[in-house]
Amino acid sequence: MRKSECGQYLTIDSGDLEASLSEESFEDLKDTFETILALTWEVFAMGDPSEMDKGALEIRERLLATYHLVPII
């Protein structure tokens, strides 16, 4: 946790998503991380690899190796 001019912030550095997120509460931090993960998953993990450049393919590989999403039935 770090303190900014506006108060306390929780921070997470997610190397696999190449993101650094800061929020005022754990719940906000969790929600933000889940939203970014879902959007990134849709674009990269579910995207067409033949349309991706080298950087995008590396992100895709990291996502698939790190996260195992279970479909909601």
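What counts and how
- Residues numbered from 1 in each chain as written.
- Predicted model: local features only at pLDDT ≥ 70, side-chain atom pairs only at ≥ 80, totals over all residues.
- Heavy atoms only, no water.
- Helix = DSSP H or I, 4+ residues; strand = E, 2+ residues; numbered from the N terminus.
- Buried < 20%, exposed > 50% of the residue type's maximum accessible area, 1.4 Å probe, protein only.
- Lys, Arg positive; Asp, Glu negative; His and termini not counted.
- Salt bridge = Lys/Arg side-chain N within 4 Å of Asp/Glu carboxyl O.
- Contact = heavy atoms within 4.5 Å.
- Expected span 1.5 Å × (residues − 1).
- Arc of directions from axis to C-beta.

### Overview of the side chain of arginine 60
Checked against the element boundaries, arginine 60 lands in helix α2 (residues 54-66). Although arginine 60 is buried, it makes no salt bridge; glutamate 61 carries the closest opposite charge, 7.1 Å away. When sequence neighbours within four positions are dropped, the list of residues in contact with arginine 60 reads Phe44, Ala45, Gly47, Pro49 and Met52.

### Description of helix α1 (residues 26-45)
Under the 1.5 Å per step criterion, the end-to-end length of α1 is 26 Å for 20 residues, consistent within 8% with the ideal 28 Å. For α1, the complete set of buried residues consists of Leu29, Phe33, Leu37, Thr40, Trp41 and Ala45. Down the axis of α1, the buried side of the element spans an arc of 105 degrees, and every buried residue falls inside it. Away from the buried face of α1 by more than 90 degrees, exposed residues Leu39, Glu42 and Val43 are located.

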